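Working through the structure, step by step
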Amino acid sequence: MTAPVTTDSALDEWRTYDEFAAGIDTFRLPNASLSGTALTLALDDGSTLSLTFDAVAVTWSGLGDSGTDPYDAVAVRDDVVFVNIPLESREREAITVVYSTTTHRATVVRSRIAAEAVEGKPQVGQDFWAATADGGTATGEVPGPSRDLIGKRNIYRYSPHHLYEHVYISSQRYAWQCLEGVQRGHGDMDLSTVWKFADGLYLFCFREFRIAVASVWLHDLGYQLMTTGIFLGLNGDGDAEHTRGGGHIYPLGSVSYPDAQPV
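My aim in this report is to walk through the structure given alongside it, one point at a time. A quick note: this is a predicted structure, and the numbers were derived from the prediction, not measured. (Residues numbered from 1 in each chain as written. Predicted model: local features only at pLDDT ≥ 70, side-chain atom pairs only at ≥ 80, totals over all residues. Heavy atoms only, no water.)

Within the protein chain one finds 2 helices and 18 strands. Its C-alpha radius of gyration of 19 Å places the protein chain within 12% of the 18 Å reference for a compact globule of 263 residues. Overall, the C-alpha framework of the protein chain stretches about 75 × 45 × 35 Å when taken along its three principal axes. Looking at the protein chain as a whole, 49% of its 263 residues are labelled buried. Where the 19 positive side-chain charges of the protein chain centre and where its 34 negative ones centre are 5 Å apart. (Helix = DSSP H or I, 4+ residues; strand = E, 2+ residues; numbered from the N terminus. Rg over C-alpha atoms; globule rule 2.2 N^0.38 Å. Buried < 20%, exposed > 50% of the residue type's maximum accessible area, 1.4 Å probe, protein only. Lys, Arg positive; Asp, Glu negative; His and termini not counted. Charge placed at Lys NZ, Arg CZ, Asp CG, Glu CD.)

Another aspect to go through is the pattern of salt bridges. If you walk through the whole model with that rule in mind, you get 12 salt bridges. Note that Glu-165 is salt-bridged to Arg-153, the shortest N-O span being 2.2 Å. With a gap of 12 residues between them, Glu-165 in strand β12 (residues 162-168) and Arg-153 in strand β11 (residues 152-159) connect regions that are remote in the sequence. Judged by its relative accessible area of 6%, Glu-165 falls in the buried class. Across the pair Arg-157 and Glu-180 runs a salt bridge, and its minimum N-O distance is 3.1 Å. Of this pair, Arg-157 sits in strand β11 while Glu-180 sits in strand β13 (residues 173-180), and the two are 23 residues apart along the sequence. Taking relative accessible area as the criterion, Glu-180 reaches 29% and is therefore assigned partly exposed. (Salt bridge = Lys/Arg side-chain N within 4 Å of Asp/Glu carboxyl O.)

The pairing of strand β1 (residues 38-43) with strand β9 (residues 124-133) spans 3 bridges and is classified as antiparallel. The residue of β9 that forms the bridge with Ala-42 is Thr-132. As defined by bridge partners, strand β8 (residues 105-113) adjoins β9 across 9 bridges and the pair is classed as antiparallel. Across the sheet, the residue bridging to Ile-113 is Val-124, located in β9. (Pairing = 2+ DSSP bridges.)

Here the focus is the side chain of Thr-227. As for its placement among the helices and strands, Thr-227 is situated in strand β17 (residues 226-234). Thr-227 gets classed as buried once you look at its relative accessible area, which sits at 0%. A distance of 3.4 Å separates a polar atom in the side chain of Thr-227 from the backbone oxygen of Leu-218. Setting aside residues no more than four positions away along its own chain, Thr-227 makes contact with Tyr-156, Tyr-158, Trp-217, Leu-218, His-219, Gly-246, Gly-247 and Ile-249. (Polar contact = N/O pair within 3.5 Å; in protein donor to acceptor, adjacent residues only side chain to side chain. Contact = heavy atoms within 4.5 Å.)

Right, let's talk about unusual backbone geometry for a bit. We note that Arg-92 has phi near 75°; this positive angle belongs to a residue other than glycine. In this structure, Arg-92 sits in the loop between β6 (80-86) and β7 (93-100). Taking the relative accessible area as the measure of exposure, Arg-92 reaches 21% and is therefore partly exposed. Unusually for a residue other than glycine, His-104 sits at a positive phi of about 60°. Here His-104 shows up in the loop between β7 and β8.

In total, this model carries 2 cavities of 30 Å³ or more according to the counting rule given. Computed from the structure, the largest cavity encloses a volume of approximately 130 Å³. Around the largest cavity, the lining residues are Phe-20, Ile-24, Tyr-158, Tyr-164, His-166, Tyr-174, Trp-176, Gln-183, Phe-206, Glu-208, Trp-217 and Phe-231. Of all elements in the fold, only β12 and β13 reach the threshold of two or more residues within the lining of the largest cavity. The space that makes up the second largest cavity amounts to roughly 40 Å³. Looking at the second largest cavity, the residues that line it are Ser-146, Arg-147, Leu-149, Ile-150, Tyr-168, Ser-170, Ser-171, Ser-192 and Val-194. (1 Å grid on protein atoms, 1.4 Å probe; cavity = no way out; pocket = protein on both sides within 12 Å on 5 of 7 lines; lining within 4 Å. Points joined across faces, edges and corners; volume = space filled by probe spheres on them.)

These figures come from the coordinates and say nothing about function on their own.
Structure, rendered in structure tokens:
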């Protein structure tokens, strides 16, 4: 006689974005002030993004609009800054900038929550630009899409209660599972984008299918094995919410595909 199949109700309950993201910035690198900094970025589509920072806010102009909004900055290396602008002037959007004061290279990511969900498509979309920052001549490799992470398998520890595993499947997909936290036992394969910013520095962005959330991370795989990131998504009440993230990276290894390479 075949035993009945049982299910774990905890695994059947898919957590909302605000539930899993609470406390996910516990091990994040400390914030930095950009007060007095003015930055003009020349984007690869010919447009510009101008940023002027004080202690708590940034006045910006570009991407078809302008405004003054709060910002969050982290010095991920001595010469590399991760900046997120959780827009209040344009609801359901965020602008994330990574720039180097040494090479004057930069990347810009715009994350936007669509008005309505569409079956089979992430509700939070993202646009990407390579850019150069004023103040000097740009040097080194232009940031752009990378296949360097394909086949790699890492564990990410964001807090004592957040432990996740990532496997980078292709240039368009990654797989994840929660090893510890409110999502324990949950996992999925979602859309992702990886750009190489500099040696050992990779911009990793994902867009989930099952819930309305996307994220932007800067993985430092060469200097201190830390990651700094942000989320934008809809919380359990259906409101737009911005969350910081960050923590430690523990590489587990990698594989090389012997025959047909993933897309």
